[in-house]
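# Structural overview
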Amino acid sequence: MLNENLTEGPLSPMQRAILEKWQSKIKRSVPQALKDVLQTRFAGEVLFDEPMSRHTYVRIGGPAEVFLIPQSREALMMAVRVALDHNIPYCFHGAGANTLVKDGGIRGLVISTYKSLTDCHIVEQNDDHIDIRAEAGLIFSQLIQVAKEQGAADLAPFVGIPGSVGGLVKMNAGTKTREIKDVLRSLTLFNREGEEIILSREKLDFEYRSLKIPRSSYILDATFRLQELVSPDEVAALMKQYQEKRVNTQPLDCLSLGSVFKNPVPRHKKEILPGAGRLIEEAGLKNIRVGGARVSPKHANFIINEGNATAKDYLSLIGLIRDRIKQNTGIVLETEIEIVGEDR
Ligand SMILES: Cc1cc2nc3c(=O)[nH]c(=O)nc-3n(C[C@H](O)[C@H](O)[C@H](O)COP(=O)(O)OP(=O)(O)OC[C@H]3O[C@@H](n4cnc5c(N)ncnc54)[C@H](O)[C@@H]3O)c2cc1C
C-alpha cells in the first residue's frame, strides 16, 4: 500500500496530493511480472500496447501500455488497486469522444468500462417523474432511447452527443438548452479506498463542461430524474429536430472530438462575448490546416482529422488558433477536450 511504504502513519489529504503529483512525474512502467498476472487473472479484456487511435473518435493516439476493460465492478476495483499498490500511473477512459491522446501514448493502465458495464433500469416511476439508473459504460444514446420509450423528453437535447454515461457525466456534457447537471439526480462513485459512495446532485460540484471529482474516483453509475413526461412519439419528433440541427451545423461525417475550445466566459454580467467558433471564424481560420488536422469549414470550433493527422498536428493547430485569437482579441481560449499521454 502507498502510505505503508512511504510513511509511518496515514497521509493527510495534502500529503497525499503532493505524493500523487510526485508519483505521476516518475511515470513508472508496468513490470512484466505484473503484466503476466493481469493476463492470467484479470476478469476482463487485457490489451498490451493498444493503439489509442482505436479508442478515440478522432482516430488519433499512441499506444496504451496496458488497456483494461473490466467485466465487473470487482474487476474495476482490482485494476485500480493494482495500480495503487504498485505505484503505477492509471487513468480512466470512456468512449474517447472528448479525448486527444498524444502520439507517445499512455504509460501505465488505461481503464475503461465502455460497453462492458452497461446495466440500465428504472428505479422509481410515478405520475411526476421517472428515475433511470445507468452504468458508466452504457452508450449514452441507448439511455436516450430508454427514456424515449418511457415518453420522457428530458434527454432529447443530448441527441447526437457521442460518448458513455460516465464520460457525459464527468464532462457535464450538453448544449445551451440543457446540461447533465440539469437531469442528474445522483451518482455512485468508486473511490481509491475501494468504497462505493452515493452522492446526490446537491453534493456535486459541476462547472461548465466539468464535474469536479477526485482524479482517482470512478463514476460507476448515474441516476437521471426525468420529468418532461409526454408520449414516445412526441419525444421521437423532438429528437429528430435536435438531430437535424446538428447535421446542419456540425461536420458529423468527419473524424473529430466535437468542440475543441470552451466558449469564453464573460468577466462581468454585462459583457457579451462571441462563442469560440465565432471567434475562430472571424479570425479567418476556418479551413486552415497543419498536417492532417484541419479547422472544419462547417464549424470553426471543430478540428477534423483528414485521415493521417497526428496528435502533434492537432496540438499545433490548437496552439496556432489560440495564439491568433489572443493576438486579435486578448481572449485566451481554453480547451474543452481532454489531452492525455506523452509526446513521441
Ligand atoms: C461529433 C461530436 C459532437 C459532440 N458534441 C458535443 C456537445 O454537443 N456537447 C458536449 O458537451 N460534448 C460534445 N462532444 C464531446 C463528447 O461527446 C462529450 O464530452 C462526452 O461527454 C464524451 O464522453 P466519452 O465517454 O467519450 O468520454 P471520454 O472522452 O472517454 O472521457 C472524457 C473524460 O471523462 C473521464 N471519464 C470517462 N468515463 C469516466 C468514468 N466512468 N468515471 C470517471 N471519469 C471518467 C475521462 O477520464 C476523461 O477525462 C462531441 C463530440 C463529438 C465527437
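Definitions and cut-offs
Residues numbered from 1 in each chain as written. Predicted model: local features only at pLDDT ≥ 70, side-chain atom pairs only at ≥ 80, totals over all residues. Heavy atoms only, no water. Domains from an automatic or database assignment. Contact = heavy atoms within 4.5 Å. Buried area = accessible area lost by both parts, 1.4 Å probe. Salt bridge = Lys/Arg side-chain N within 4 Å of Asp/Glu carboxyl O. Polar contact = N/O pair within 3.5 Å; in protein donor to acceptor, adjacent residues only side chain to side chain. Helix = DSSP H or I, 4+ residues; strand = E, 2+ residues; numbered from the N terminus. Nonpolar A, V, L, I, M, F, W, Y, C, P; charged D, E, K, R; others polar. 1 Å grid on protein atoms, 1.4 Å probe; cavity = no way out; pocket = protein on both sides within 12 Å on 5 of 7 lines; lining within 4 Å. Points joined across faces, edges and corners; volume = space filled by probe spheres on them.

### Things to note about the domain arrangement of the protein chain
You'll often see interface size given as the accessible area lost when the parts meet. The domains assigned to the protein chain are domain 1 (2-111), domain 2 (120-248) and domain 3 (251-340). In this structure, domain 1 and domain 2 have C-alpha centres spaced 26 Å apart. Listed per partner, the contact involves 16 residues of domain 1 and 17 residues of domain 2. Summing both sides of the interface, domain 1 and domain 2 together bury roughly 1500 Å²; the carbon and sulfur share of this comes to 54%. When the buried area of domain 1 at its contact with domain 2 is split by residue, Arg-73, Met-77 and Phe-92 rank highest and sum to 37% of it. Here domain 1 is connected to domain 2 by three salt bridges. We note a salt bridge from Glu-135 to Arg-73, for which the minimum N-O separation is 3.2 Å. Our count for the domain 1 to domain 2 interface comes out at five residue pairs in polar contact (both at pLDDT 80 or more). Every element with two or more residues in the side of domain 1 that touches domain 2 is listed here: α2 (13-26), α4 (73-85) and β3 (90-92). Per-element accounting of the side of domain 1 that touches domain 2 gives the leading share, six residues, to α4. Grouping the constituent residues of the side of domain 1 that touches domain 2 by class yields 10 nonpolar, two polar and four charged.

### Side note on the environment of Gln-150
Along the polypeptide, Gln-150 turns up in the loop between α5 (140-149) and α6 (165-170). Linking Gln-150 and Gly-330, residues 180 residues apart in sequence, is a C-alpha distance of 48 Å. Once residues within four sequence positions are removed from consideration, Gln-150 is found in contact with Ile-122, Gln-125 and Ile-130.

### What about the layout of surface pockets?
Rolled over the atoms, a probe as big as a water molecule pinpoints where empty space is left. Estimates place the volume of the second largest pocket at around 230 Å³. Lining the second largest pocket are 19 residues, and of these Asp-131, Arg-185, Ser-186, Thr-223 and Arg-225 lie nearest its centre. Elements with a contribution of two residues or more to the lining of the second largest pocket: β6 (120-125), β7 (130-135), β8 (184-190), β9 (196-200) and β12 (218-226). Ranked by residue count, the leading element in the lining of the second largest pocket is β8, at four residues. Partitioned by chemical class, the residues of the lining of the second largest pocket number four nonpolar, five polar and 10 charged.

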